[in-house]
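# Coordinates in review
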Amino acid sequence: MSVYNQLKALNIELPPVATPAAAYVPFVRTGHLVFLSGHIARKDGKPWVGQLGKDLDTQEGKAAARAVAIDLMGTLQAAVGDLNKVRRIVKLMSLVNSTPTFTEQHLVTNGASELLAQVFGDRGAHARSAFGVAQIPLGACVEIELIAEVE
């Protein structure tokens, strides 16, 4: 099944690439690798703000990470033109705005990882890091960057 059939089955419409908020580009391609800059969680077009363990629970964080994955796929599509050209999602790095006692960053990040596996199948299985951090730009609850191998 094509990536686009999977997205349609999941009722997901990919957004256009967001304009960078600082001095960086949304993606860089070198050879067969595409590096996507960190994307923050957004809800209703605005930064999805809050701190896990204080303002948000793990399930809300997981939904935020899923939303980030959708934005990342929109940027990846802009980078390669066709998501069916993605050979592999190689790695995610997830930053979770969390209290010092919150220890479920890995479960929050599953929101992105599980969606990528649904959309890309075996090609969506990836290496990953998930960190708790004191703050993320604009107060966002989650930021994720992605590396993909493409044709």
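The next point concerns the overall build of the protein chain. Of regular secondary structure, the protein chain possesses three helices and seven strands. Listing the helices and strands of the protein chain from first to last along the sequence gives α-β-β-β-β-α-β-α-β-β. Expected size for 151 residues packed as a compact globule is a radius of gyration near 15 Å; at 14 Å, the protein chain falls within 12% of this value. Referenced to the eigenvectors of the C-alpha coordinate spread, the extents of the protein chain come out at roughly 40 × 35 × 30 Å. The buried share of the protein chain, taken over its 151 residues, is 42%. For the protein chain, long-range pairs separated by at least 24 residues make up 82% of all intrachain contacts whose partners lie at least 6 apart in sequence. Accessible surface, the protein chain as shown: approximately 7,700 Å² in total, 53% of it carbon and sulfur. Separation of charge centres in the protein chain, based on 14 positive and 14 negative side chains, amounts to 3 Å.

By volume, the largest pocket amounts to about 410 Å³. Lining of the largest pocket is provided by 20 residues; of these, Tyr24, Gly38, His39, Ile40 and Arg42 occupy positions nearest its centre. Listing elements by their share of the lining of the largest pocket, those giving two or more residues are strand 2 (33-40) and helix 2 (58-80). Broken down by element, the residue count for the lining of the largest pocket peaks at four residues, all from strand 2. Among the residues forming the lining of the largest pocket, the class breakdown is twelve nonpolar, five polar and three charged.

Turning our attention to the pairing of strand 1 (residues 27-30). Sheet analysis places strand 1 next to strand 2, joined by four bridges and oriented antiparallel. Across the sheet, the residue bridging to Phe27 is Leu36, located in strand 2. Linking strand 1 to strand 2, which pair antiparallel, is a turn of two residues; within it Gly31 sits at a positive phi near 60 degrees.

Before going further, it helps to examine a nonpolar patch on the surface. Together, Val25, Val28, Leu33, Phe35 and Val90 line one region of the surface with nonpolar side chains, adding up to about 360 Å² of accessible area. Its place among the elements puts Val28 in strand 1. By relative accessible area, Val28 is classed as partly exposed at 44%.

A general tendency of soluble globular proteins is for nonpolar side chains to be buried together. In this structure, Met73, Leu76, Leu83, Phe120, Val142 and Leu146 are the most contacted members of the largest nonpolar core, which totals 39 residues. Broken down by element, the residue count for this core peaks at eleven residues, all from helix 2.

A few words now on the pattern of salt bridges. Within the structure shown, the criterion is met by two salt bridges. Glu114 serves as the salt-bridge partner of Lys62, at 3.1 Å between the closest nitrogen and oxygen. With Lys62 in helix 2 and Glu114 in helix 3 (residues 105-120), this pair connects stretches of sequence that are 52 residues apart. Here Glu149 and Arg87 are joined by a salt bridge, their closest N and O atoms 3.4 Å apart.

The next thing to look at is the environment of Val119. With respect to the helices and strands, Val119 occurs in helix 3. Along the chain, Val119 and Gly38 lie 81 residues apart, while their C-alpha atoms are 20 Å from each other. Among residues more than four places away in sequence, those in contact with Val119 are Val3, Gln6, Leu7, Leu10 and Met73.

What counts and what doesn't
Residues numbered from 1 in each chain as written. Predicted model: local features only at pLDDT ≥ 70, side-chain atom pairs only at ≥ 80, totals over all residues. Heavy atoms only, no water. Helix = DSSP H or I, 4+ residues; strand = E, 2+ residues; numbered from the N terminus. Rg over C-alpha atoms; globule rule 2.2 N^0.38 Å. Buried < 20%, exposed > 50% of the residue type's maximum accessible area, 1.4 Å probe, protein only. Contact = heavy atoms within 4.5 Å. Areas by Shrake-Rupley, 256 points an atom, 1.4 Å probe, with all protein chains shown as cover. Lys, Arg positive; Asp, Glu negative; His and termini not counted. Charge placed at Lys NZ, Arg CZ, Asp CG, Glu CD. 1 Å grid on protein atoms, 1.4 Å probe; cavity = no way out; pocket = protein on both sides within 12 Å on 5 of 7 lines; lining within 4 Å. Points joined across faces, edges and corners; volume = space filled by probe spheres on them. Nonpolar A, V, L, I, M, F, W, Y, C, P; charged D, E, K, R; others polar. Pairing = 2+ DSSP bridges. Patch = residues over 30% accessible without salt bridge, like charges linked within 9 Å, V, L, I, M, F, W, Y side chains within 5 Å. Salt bridge = Lys/Arg side-chain N within 4 Å of Asp/Glu carboxyl O. Core = buried A, V, L, I, M, F, W, Y, C linked by side-chain atoms within 4.5 Å.

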